[in-house]
Amino acid sequence: MKSIDKKNGFLEYNSTDLLEILTGLGLPKFRLQQVRRWVFARKTTSFDKMTDLSKETRKLLTEQFGSVLQGKELACYRSDDSTEKLLIEWTDGERVECVLLRDNRNHRTACISTQVGCAMGCVFCASGMDGFVRNLSRGEILEQFVRLNSLLPDQERLTHVVVMGIGEPLLNLDALLSALDEVTVSDGFDLSVRRVTISTVGIPSGIRKLAESVVRNGKGYKLAVSLHAPNDGLRTRIIPQNQFSGISEILKAADDYFKQTGRRVTFEYTLIAGLNDQPEHVQQLVHLLKNRTAIINIIPLNPVSELNFQTPSAKTVAWFAGQLESQGVQVKIRFRKGDKIGAACGQLRRVHRTTPTRTG
Ligand code: SAH
């Protein structure tokens, strides 16, 4: 048996490694399918509850992996609009948050994090306020999905994933893609790849790496790029990372993503009062996006208390969207959910530096 590093928890291993570990333990191959069915289809994360396995097998699995999950749920918050947010602590004491969003079209969406903290430093976002700590592992990313899925009643399952929690996903792409493989594989969570959206601050080399992986594996995930400003001067003020690439390079990588994968790219635009919501910004955006097969997603700012930025009025949001639309740009407005539970990226992790209690 090739030596496989001992890691924490079952979810850290892909199927190939698991098969090797299980057969190395003297278990027949079909045991893997049984365990995977318990975890992914039957929402069971304790080996002890896998009742079609013998007591010895359950003991062996526990000795080998410890448990299916490795984190600890520190808190679960539920808001009036039934958005739920989990704060999870990993074995090294670091914490991330993930969110379950429900809507009236029966979508059940998991919003997951890829890093502890964030190095991008977007000026309006809570995730980067304390800098970057570390990447999450494949298992830690997957565990968020497993835990959010378990919040739903037995007969319901997650229908969508948005990688829009804490961190820059394209800077932890290998772990993310490995986790998403389990989310989208037929004997995993079996979610359509079309229902998975990866949101990036806009790192051209990362977008190209993702496109290559899509072409290689046929998993056409949806890409969303955070634009937030229509010119480089303003964009660098809002997203310091912009100094390393610039808008035209990002748009070129996004165009290539569309050409290579056939998936239309969404541009996110967090609208901030007085900063990027002026008439000249509309005109510059129209110029950038008019001839592109793209859609712009306007996100009215969800204000973070320590940061001095405000949400534009509903009238300004409607005006901004209307101006773009009337000039041929396709627009969607993303209405905020879970405001009262701090559901914007990174807010919960910052508020709770000491152990909170469960609320609901
Ligand atoms: N790092 C990724 C994912 C961030 S979260 C990225 O930059 O795309 C998804 C989107 O929400 C991003 O466009 C992000 O800039 C935006 N966002 C973060 N905090 C926000 C806030 N407080 N209000 C509105 N949008 C926010």
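Relevant structure appears above.
In this text, all values refer to a predicted model and were calculated from it rather than measured experimentally.

Report on the pairing of strand β2 (residues 84–89), specifying residues and quantitative values.
The buried count for β2 comes to six of six residues, which makes it a mostly enclosed element. With burial as the criterion, each face of β2 is covered, one bearing Glu84, Leu86 and Ile88 and the other bearing Lys85, Leu87 and Glu89. Linking strand β1 (residues 72–78) to β2, which pair antiparallel, is a turn of five residues; within it serine 82 sits at a positive phi near 65°. The sheet contact formed by β2 and strand β3 (residues 95–102) spans six bridges and is antiparallel. Paired with glutamate 89 across the bridge in β3 is arginine 95. Hairpin connection from β2 to β3: five residues lie between these consecutive antiparallel strands, with glycine 93 at a positive phi of about 90°.

Give me unusual backbone geometry: which residues, what numbers.
Phi is positive for aspartate 190, close to 60°, though the residue is something other than glycine. Tracing the backbone shows aspartate 190 in the loop between α5 (173–184) and β8 (196–200). The phi angle at histidine 228 is positive, at roughly 65°, despite the residue not being glycine. Structurally, the position occupied by histidine 228 is in the loop between β9 (222–226) and α7 (232–238). Using a relative accessible area of 5% as the deciding quantity, one classes histidine 228 as buried.

Describe the site of the ligand, naming the residues involved and giving the relevant values.
Close to the ligand lie 19 residues, the nearest being Gly167, Ser199, Ser226, His228 and Asn302. In this structure, an oxygen atom belonging to the ligand sits 3.3 Å away from a main-chain N or O atom of threonine 200. With respect to the ligand, the backbone of asparagine 302 contributes an N or O atom lying 2.8 Å from a nitrogen atom. In isolation the ligand has 530 Å² of accessible area, and contact with the protein removes 94% of it. Counting residues per element, the ones that place at least two in the shell around the ligand are β8 and β10 (265–271). Grouping the constituent residues of the shell around the ligand by class yields 10 nonpolar, seven polar and two charged.

An account of helix α1 (residues 15–24) is requested, with residue identities and associated values reported.
Of all the residues in α1, the buried ones are Asp17, Leu18, Ile21 and Leu22. Within α1, the buried residues cover an arc of 125° as seen down the axis, which keeps them to one side. Buried residues belonging to α1 abut α2 (30–41) and α3 (55–65). Between the side-chain oxygen at the start of α1 and the backbone nitrogen of threonine 16 there is a gap of 3.2 Å, and the oxygen is on asparagine 14. Residue glycine 26 follows α1 closely and has a positive phi angle near 85°.

Could you give an account of the packing of helix α9 (residues 279–289) against helix α10 (residues 314–326), naming the residues involved and the relevant values?
Between α9 and α10, whose axes approach to 10 Å, the crossing angle comes to 35°. The crossing of α9 and α10 is right-handed. On the side of α9, the interface is formed by Pro279, His281, Val282, Leu285 and Val286, while α10 contributes Trp319, Phe320, Gln323 and Leu324. Among the residues making up the contact of α9 with α10, the classes are represented as seven nonpolar, two polar and no charged.

Tell me about the nonpolar core, residues and numbers included.
If you look at the biggest cluster of nonpolar residues, it comprises 84 residues, and the most contacted ones within it are Phe267 and Leu324. When residues of this core are assigned to their parent elements, the largest contribution, seven residues, is made by α5. Both domain 1 (10–65) and domain 2 (72–341) contribute no fewer than three residues apiece to this core. Setting aside anything within four residues of it in sequence, one finds phenylalanine 267 in contact with Val225, Leu227, Leu251, Ala254, Leu289, Ala294, Ile295, Ile296 and Asn297. Among the nonpolar cores identified, the runner-up in size contains 14 residues, and Cys118, Cys125, Ala229 and Leu301 belong to it.

Conventions adopted
Residues numbered from 1 in each chain as written. Predicted model: local features only at pLDDT ≥ 70, side-chain atom pairs only at ≥ 80, totals over all residues. Heavy atoms only, no water. Buried < 20%, exposed > 50% of the residue type's maximum accessible area, 1.4 Å probe, protein only. Helix = DSSP H or I, 4+ residues; strand = E, 2+ residues; numbered from the N terminus. Pairing = 2+ DSSP bridges. Near = heavy atom within 4 Å. Polar contact = N/O pair within 3.5 Å; in protein donor to acceptor, adjacent residues only side chain to side chain. Areas by Shrake-Rupley, 256 points an atom, 1.4 Å probe, with all protein chains shown as cover. Nonpolar A, V, L, I, M, F, W, Y, C, P; charged D, E, K, R; others polar. Arc of directions from axis to C-beta. Contact = heavy atoms within 4.5 Å. Axes fitted to C-alpha atoms, helices over the stretch in contact; angles between N-to-C directions. Left-handed = near helix turned anticlockwise from the far one by under 90°. Core = buried A, V, L, I, M, F, W, Y, C linked by side-chain atoms within 4.5 Å. Domains from an automatic or database assignment.

Purely geometric stuff here, so don't read any function into it on its own.
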